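Here's the letter readout for the chains.
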Amino acid sequence: MPTKNGLVQCYLLAAVLAGSCGMMLGIGMGIAQNFLLTPVHVHLNLLGWVTFAIYGLTYHALPEAAKLGLARVQFLLAVPGLVAFCGGLTALRLDYPVGFPLTVLGSFMTLGGMLCFGGVLLRSFARPRAASPQALPAGSVA
Ligand code: HEM
């Protein structure tokens, strides 16, 4: 079923993009038999593909949560955070000095994204849910 929830689409597209990059890196590592960038591969797949898909599917299940401003903040921490983190890890493994600060920045953004997600869930669970007309028994008056 198509969704009009932009945040769901953005998260799922980011998940597919990160997962595709992670898989291509994995194939490249296997062909080259060079496993220097294994940590980048792992984080693209687990933080990118798996975690972003969980975020996106959660917002699909809780559309009210996706409307919260904190959910937008979460996206702006999580997705650029992964880019900074994986870019930083790559630079670190290749001995570029920028790698360390970039990895630290990306890791705190990633953690911030997770904490915001927790905040979004808590706020969403605390809100009273509007009764859905479909949930009413047939023949009952709303
Ligand atoms: C086309 C798909 C994939 C390919 C070709 C691939 C390839 C690889 C390769 C070559 C390694 C390094 C193995 C070594 O160090 O000996 C690796 C490690 C790893 N991959 Fe993948 N991978 C793929 C997908 C995934 C996905 C989808 C995930 C997670 C969701 C994942 C998680 C991991 C983990 C956790 C490790 C580290 C294992 C360890 O060091 O013990 N991979 N992968």
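Look a little higher up for the structure.
Thresholds applied
- Residues numbered from 1 in each chain as written.
- Predicted model: local features only at pLDDT ≥ 70, side-chain atom pairs only at ≥ 80, totals over all residues.
- Helix = DSSP H or I, 4+ residues; strand = E, 2+ residues; numbered from the N terminus.
- Buried ≥ 20, exposed ≤ 12 C-beta atoms within 10 Å, placed from the backbone.
- Expected span 1.5 Å × (residues − 1).
- Core = buried A, V, L, I, M, F, W, Y, C linked by C-beta atoms within 7 Å.
- Contact = placed C-beta atoms within 7 Å.
- Near = placed C-beta within 6 Å.
- Nonpolar A, V, L, I, M, F, W, Y, C, P; charged D, E, K, R; others polar.
- Axes fitted to C-alpha atoms, helices over the stretch in contact; angles between N-to-C directions.
- Parallel < 35°, antiparallel > 145°, perpendicular 65-115°, else oblique.
- Left-handed = near helix turned anticlockwise from the far one by under 90°.

Visitor: Go over the overall build of the protein chain with me, naming the residues and quoting the values.
Guide: When helices and strands are counted, the protein chain shows five helices and zero strands. The linear arrangement of helices and strands in the protein chain, starting from the amino end, is α-α-α-α-α. Sorting the 142 residues of the protein chain into buried and exposed places 30% on the buried side.

Visitor: Before we move on, could you go through helix α4 (residues 69-93) and cite the residues and values that matter?
Guide: The first and last C-alpha atoms of α4 sit 36 Å apart over 25 residues, in line with the 36 Å expected at 1.5 Å per residue. Once α4 finishes, Asp95 follows within two positions and takes phi at roughly 70 degrees, a positive value.

Visitor: Tell me what's going on with the nonpolar core, and back it up with residues and numbers.
Guide: One broad trend across soluble globular proteins is that nonpolar side chains are buried collectively. Grouped together as the largest cluster of nonpolar side chains are 28 residues, with contacts concentrated most on Tyr11, Ala18, Phe52, Tyr59, Ala71 and Leu82. The set of elements that each furnish at least two residues to this core consists of α1 (6-32), α2 (38-61), α3 (63-66), α4 and α5 (99-126). When residues of this core are assigned to their parent elements, the largest contribution, 10 residues, is made by α4. Once residues within four sequence positions are removed from consideration, Tyr59 is found in contact with Asn5, Leu7, Val8, Tyr11, Ala65, Ala66 and Ala71.

Visitor: Lay out the site of the ligand in plain terms, naming residues and giving numbers.
Guide: Lining the immediate surroundings of the ligand are 13 residues, of which Met23, Gly26, Gly30, Phe35 and Asn45 lie closest. Going through the elements one at a time, α1 and α2 are the ones with two or more residues in the shell around the ligand. In terms of residue count, α2 provides more of the shell around the ligand than any other element does, seven residues in total. When its residues are assigned to classes, the shell around the ligand shows eight nonpolar, five polar and no charged.

Visitor: Break down the environment of Leu25 for me, citing the residues and quoting the values.
Guide: Checked against the element boundaries, Leu25 lands in helix α1. In this structure Leu25 comes out as partly exposed when scored by C-beta crowding, with 19 C-beta atoms within 10 Å. When the C-alpha atoms of Leu25 and Leu44 are compared, they prove to be 9.3 Å apart, with 19 residues separating the residues in sequence. If we skip the residues at most four places from it in the chain, Leu25 touches Leu37, Val40, His41 and Leu44.

Visitor: If you had to explain unusual backbone geometry to someone new, which residues and values would you point to?
Guide: Backbone geometry follows two general trends: most residues other than glycine have a negative phi, and most peptide bonds adopt the trans configuration. Of note in the backbone geometry, Gln33 takes a positive phi value of approximately 55 degrees without being a glycine. Relative to the helices and strands, Gln33 is located in the loop between α1 and α2. By the C-beta count within 10 Å, which is 6 here, Gln33 ends up exposed.

Visitor: Residue-level account of α5, with values.
Guide: Its 28 residues give α5 an end-to-end C-alpha distance of 40 Å, which sits within 8% of 40 Å, the value for a rise of 1.5 Å per residue. Against α2, α3 and α4 lie the buried residues of α5.

Visitor: Account for the packing of α4 against α5, with residues named and values stated.
Guide: Contact pair α4 / α5: the axes reach a minimum separation of 7 Å and the direction vectors enclose 155 degrees. What the angle tells us is that α4 and α5 run roughly antiparallel. The handedness of the crossing between α4 and α5 is left-handed.

Visitor: Describe the packing of α2 against α4, and please don't skip the residues or the numbers.
Guide: Packing of α2 against α4 leaves a shortest axis separation of 10 Å and a crossing angle of 170 degrees. The orientation of α2 with respect to α4, classified from their angle, is roughly antiparallel. Across from Pro39, Val40, His43, Leu44, Leu47, Gly48, Tyr55 and Tyr59 in α2, the residues of α4 making contact are Ala71, Ala78, Leu82, Phe85, Cys86, Leu89, Thr90 and Arg93. Here the residues of the contact of α2 with α4 sort into 12 nonpolar, three polar and one charged.

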